[in-house]
Amino acid sequence: MNGYSEHEEYLRNTLLGIDNSSNSKQKEKKMSSSYFKDLKEKLLMQYENKSLKDVMDCKICETSFGDALKITTKEKIDFSLTDNDFKNQINHNLKLLPKIGLKTEENLKNKGYPTIESLKGHDKYADIASKFLNNLEDMSFHEIVDLLDDNKYSKKCRDNLLKCISLTDVENFKFMDIETKGLSNVPIILIGVAEIKNDKIIASQYFLRDYVEEPNIIEAYLSHLDENSVHVTFNGKSFDVPFIRNRCIYNRVDHNLDLPHLDLMYFAKNLWKDSLPNCQLQTIEQEIFGITRQDDVPGQYIPGYYDTYLSEKNIGPVVPIIEHNCQDIISLASFLEKMYEDVN
């Protein structure tokens, strides 16, 4: 007992700025270490003597390094990108040409040169405009993304990186997320990649049953990539892809991760920062898409949960990690479609 009556406790909390609501107290409880310790014990009992094959769609796939466990989830999806005639929009962005900045673009448009095409009749810019338009016809999607990404005015035109995705097939998007044993120089314990095929989104997750299988799951993931692939992640440019690259080097796995990359965290901040409490993935899920997760395990507890899985030989602690990863990669598809709609 703390010596305060219920009413006195309420007044004390109010004066101290403490939220008295039951929702706030419940949320605080759910973020405590004791909650996640109890949750782990509950999971151990719930899944005792069960294998992942008992509760998920699993199969063994072969790689040149050995077997990898693949978990597959399929969901219906209505994913479509309306045509936005993006190459015509590029034609109106004079800043893509060398030596044309914001002020010069404004002056040129005021003088009757609204497009790069029109600059073919300009004394100074005719040659570079003609060369640019000729090259544009032969540019791959990868090269167009690089063009937009490398342009020093790209921050002013960040929406163009979202708009340009109309130039590639939706099957090329690789919605990806990893779970790891820590922040650096540790194994990847789960790689998830979701792909859209017809009216379904198919999540393929490669789970590390034991540390020796890390090159197996990495190679299994890489098998989903080709020269047309586009990484779609949330904070993957600074974390997921560099992490995979480092683990490829460590495990001597041949790789090519030099792909177009849409990191939706940056677009989320650009589009929604003024309308959301924060731009974390789960906040976006809840506030924009009405998705609320149950018994989700935060990243700081994942290494401990995985260690318990290994030591107890019980899948319980890793079940919510796999479910968390699956929800992450499927949510990315909804994020991308919504962002595309907003910028167009």
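Residues numbered from 1 in each chain as written. Predicted model: local features only at pLDDT ≥ 70, side-chain atom pairs only at ≥ 80, totals over all residues. Heavy atoms only, no water.

Caption draft 1: Spotlight on the pairing of strand E5 (residues 200-207). Counting buried positions over the eight residues of E5 gives seven, a clear majority of the element. Pairing between strand E4 (residues 188-197) and E5: eight bridges, direction antiparallel. Counted as the bridge partner of Lys197 is Lys200 from E5. Taking the residues that link successive antiparallel strands as the turn, the E4-E5 hairpin has two residues, and the phi of Asn198 there is positive, at about 60°. (Buried < 20%, exposed > 50% of the residue type's maximum accessible area, 1.4 Å probe, protein only. Helix = DSSP H or I, 4+ residues; strand = E, 2+ residues; numbered from the N terminus. Pairing = 2+ DSSP bridges.)

Caption draft 2: Summary view of the pattern of salt bridges. Scanning the entire structure with this criterion turns up 14 salt bridges. Across the pair Arg209 and Glu213 runs a salt bridge whose closest N-O atoms are separated by 2.7 Å. The class for Glu213 is buried, based on a relative accessible area of 12%. We note a salt bridge from Asp296 to Arg293, for which the minimum N-O separation is 3.6 Å. We note that Asp296, like Arg293, is buried. Because the salt bridges share partners, they merge into one network encompassing Glu285, Arg293, Asp296 and Asp328. (Salt bridge = Lys/Arg side-chain N within 4 Å of Asp/Glu carboxyl O.)

Caption draft 3: Region of interest: the packing of helix H13 (residues 281-289) against helix H15 (residues 319-343). Where H13 contacts H15, the axes come no closer than 11 Å and their chain directions differ by 55°. One way to sum up the angle between H13 and H15 is to call them oblique. Once H13 is placed against H15, the crossing between them reads as left-handed. Residue-level contacts link Leu281, Gln282, Ile284, Glu285, Ile288 and Phe289 of H13 to His324, Gln327, Asp328, Ser331, Leu332, Ser334, Phe335 and Lys338 of H15. (Axes fitted to C-alpha atoms, helices over the stretch in contact; angles between N-to-C directions. Parallel < 35°, antiparallel > 145°, perpendicular 65-115°, else oblique. Left-handed = near helix turned anticlockwise from the far one by under 90°. Contact = heavy atoms within 4.5 Å.)

Caption draft 4: Region of the structure containing helix H12 (residues 264-272). Within H12, burial applies to Leu264, Met265, Phe267, Ala268 and Trp272. Looking straight down H12, one finds that the buried residues subtend no more than 160° of arc, so they occupy a single side. Those residues of H12 that are buried are in contact with helix H9 (159-163), strand E6 (230-233), strand E7 (261-263), H13 and H15. Capping the start of H12 is the job of one residue whose side-chain oxygen sits 3.1 Å from the backbone nitrogen of Met265: Asp263. (Arc of directions from axis to C-beta. Polar contact = N/O pair within 3.5 Å; in protein donor to acceptor, adjacent residues only side chain to side chain.)

Caption draft 5: How the structure looks around the side chain of Arg293. Along the chain, Arg293 turns up in the loop between H13 and helix H14 (302-312). A distance of 2.7 Å separates the side chain of Arg293 from the side chain of Glu285, its partner in a polar contact. A polar atom in the side chain of Arg293 sits 2.5 Å from the side chain of Asp328. In this view, Arg293 contacts Leu281, Gln282, Glu285, His324, Gln327 and Asp328; residues no more than four positions away in its chain are not counted.

Caption draft 6: Representation of the packing of aromatic side chains. All chains considered together, the criterion is met by 11 aromatic pairs. Arranged with centres 6.4 Å apart and planes meeting at 65°, the rings of Phe79 and Phe173 form a pair that is edge-to-face. Taken together, the positions of Phe79 in the loop between strand E2 (66-76) and helix H5 (86-91) and Phe173 in strand E3 (residues 173-180) put the pair 94 residues apart, joining distant regions of the chain. Here Phe79 and Phe173 have matching classes, each one buried. Between Phe173 and Phe175 the ring centres are 6.1 Å apart and the planes differ by 50°, which places this aromatic pair in the tilted class. Residue class for Phe175 comes out buried when judged on its relative accessible area of 0%. Every member of this aromatic cluster is reached through a ring pair, and the members are Phe207, Tyr211, Tyr306 and Tyr309. It is Arg247 that lies over the ring of Tyr250; its NZ or CZ is 4.3 Å from the centre. (Phe/Tyr/Trp six-rings, centres within 6.5 Å; stacked < 30°, edge-to-face > 60°. Lys NZ or Arg CZ within 6 Å of the ring centre and 35° of its normal.)

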